[in-house]
Structures are given as structure tokens and as C-alpha cells.
Amino acid sequence: MVAGHTSVDVVTAPTGKNVQPGGAALYAAIAARIFNNDVRLATSIGTDYEYHELLKQFPNSTIVMANTKSCRFEIEYDDRWSATYNKSEYMAARFLKADRVVTAAQGCSYVHLAPMPPRKISKMVHGLRERPGLTISLNSWEGYMKEGNDRRLLRELAPLVDFFIINEKEI
């Protein structure tokens, strides 16, 4: 199972501008399907989400329909394909609660937690750790590593998961 944001992204790149489905959880779930067709997704979407056909690839998922706008990001890539997030609106993402993710993980052997606020992730990790034999991976985001309390909390969570994924810039 993969838990986290599914979004609507406005992406500007050297090749043009596009509105497309996005979110680290969605992309991780799509990648996981290369190895296993039985991938679940735990996420939340708003009433304006247009990519329902894409979500049908993940039966037995927990997809919270929130009565608000979907999570949205405006991302700009430069000519070296380095991303700058110009705008972030989390709207529907607020409705994916830790207890719902823990419940959705029942019967799973592996859970990947895509970047979400560290306090929310902490509740998820502690709830998931009550299940023996569950493998947990956690991916963060550089924005959470800049702030004192979030950074401290991520350092406390890293040894509690089986895989703590950060990129070169975050290191």
C-alpha cells in the first residue's frame, strides 16, 4: 500500500505547460504496479478531481472523497529539469487521517508513506508499528527538513521505519 497525496498539478517545463494528475503517492503506486498488480492507494481527493479512471487501477484502495478542492501543486522545471514548487494547496489532503491509513494497511506486507507533514506521518508510523512483520518505507520532502520541529521529528522517525528515503539535496 502507498499512502499520501494525489493531486492535480500544473507543470511548466521547457517542453510546455500541462495540467496533469500528480502526487508522490500516486506516482509511487504506479511504479509499484510494475512489480505487483495488487497495490492499494490510501489518499484523498476533492470534488474537482478529474482522473478517476487512473485511480481504478488500484482496487481495494482507501480513497477519501472530500467536499473541497483536490490537493494542487504548481511546479516549474528549469532547463536542467530541477523543480521549483511555486504554489501548494493541500485542501483535500487534510482529510487523509492517520487512523484511516493504519486501518487501510490491514492485510498488507509493505507500506510506503509518501511525503506528508511529519506529525501526521508520526501517527501513521506508530500505528503501523503495532503490526509485527510489516515493512514500512518513508519518503520525506526537503521542505519538512528546514523547520526545527519537523526536522527533529523526522530524525526520530527514521530509525522506526525499515527504509527512510531522502535525496542528495535533502542529505
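Residues numbered from 1 in each chain as written. Predicted model: local features only at pLDDT ≥ 70, side-chain atom pairs only at ≥ 80, totals over all residues. Heavy atoms only, no water.

## Description of the layout of surface pockets
Next, step 1: Size it by volume and the largest pocket reaches roughly 760 Å³.
Next, step 2: Along its surface, the largest pocket is lined by 30 residues, and Ala24, Tyr85, Pro115, Ser140 and Trp141 are the ones closest to its centre.
Next, step 3: At the level of secondary structure, the elements contributing two or more residues to the lining of the largest pocket comprise β2 (7–13), β3 (16–22), α1 (24–32), β6 (71–77), β7 (83–89) and α5 (142–146).
Next, step 4: The residue inventory of the lining of the largest pocket, partitioned by class, reads 14 nonpolar, eleven polar and five charged.
Next, step 5: Taken as a whole, the second largest pocket spans an internal volume of roughly 300 Å³.
Next, step 6: Lining the second largest pocket are 13 residues; nearest its centre among them are Met1, Asn36, Asp38, Val39 and Tyr110.
Next, step 7: Each residue belonging to the lining of the second largest pocket can be placed in one class, and the counts come to seven nonpolar, four polar and two charged. (1 Å grid on protein atoms, 1.4 Å probe; cavity = no way out; pocket = protein on both sides within 12 Å on 5 of 7 lines; lining within 4 Å. Points joined across faces, edges and corners; volume = space filled by probe spheres on them. Helix = DSSP H or I, 4+ residues; strand = E, 2+ residues; numbered from the N terminus. Nonpolar A, V, L, I, M, F, W, Y, C, P; charged D, E, K, R; others polar.)

## With respect to the packing of aromatic side chains
The relative placement of two aromatic rings is captured by the distance of their centres and the angle of their planes.
Next, step 1: Summed over the entire model, instances satisfying the criterion amount to four aromatic pairs.
Next, step 2: Where tyrosine 49 meets tyrosine 51, the ring centres are 5.4 Å apart and the plane angle is 80°; that geometry is what we call edge-to-face.
Next, step 3: Take tyrosine 49: its relative accessible area is 3%, and that puts it in the buried class.
Next, step 4: On the basis of an interplanar angle of 45° and a centroid distance of 5.7 Å, the ring pair of tyrosine 77 and tryptophan 81 is categorised as tilted.
Next, step 5: What makes tryptophan 81 partly exposed here is its relative accessible area of 48%. (Phe/Tyr/Trp six-rings, centres within 6.5 Å; stacked < 30°, edge-to-face > 60°. Buried < 20%, exposed > 50% of the residue type's maximum accessible area, 1.4 Å probe, protein only.)

## Section: the pairing of β7
Next, step 1: Sheet analysis places β6 next to β7, joined by six bridges and oriented antiparallel. Bridge pairing in β7 links phenylalanine 73 to serine 88. (Pairing = 2+ DSSP bridges.)

## Let's talk about the packing of helix α4 (residues 118–128) against helix α6 (residues 148–157)
Next, step 1: Contact pair α4 / α6: the axes reach a minimum separation of 9 Å and the direction vectors enclose 20°. Between α4 and α6, the angle falls in the class roughly parallel. Seen along the crossing, α4 lies across α6 with a hand that is left-handed. For the pair α4 and α6, contact is made by Pro118, Arg119, Ile121, Ser122, Val125 and His126 and by Asp150, Leu153, Leu154 and Leu157, respectively.
Next, step 2: Among the residues forming the contact of α4 with α6, the class breakdown is six nonpolar, two polar and two charged. (Axes fitted to C-alpha atoms, helices over the stretch in contact; angles between N-to-C directions. Parallel < 35°, antiparallel > 145°, perpendicular 65-115°, else oblique. Left-handed = near helix turned anticlockwise from the far one by under 90°. Contact = heavy atoms within 4.5 Å.)

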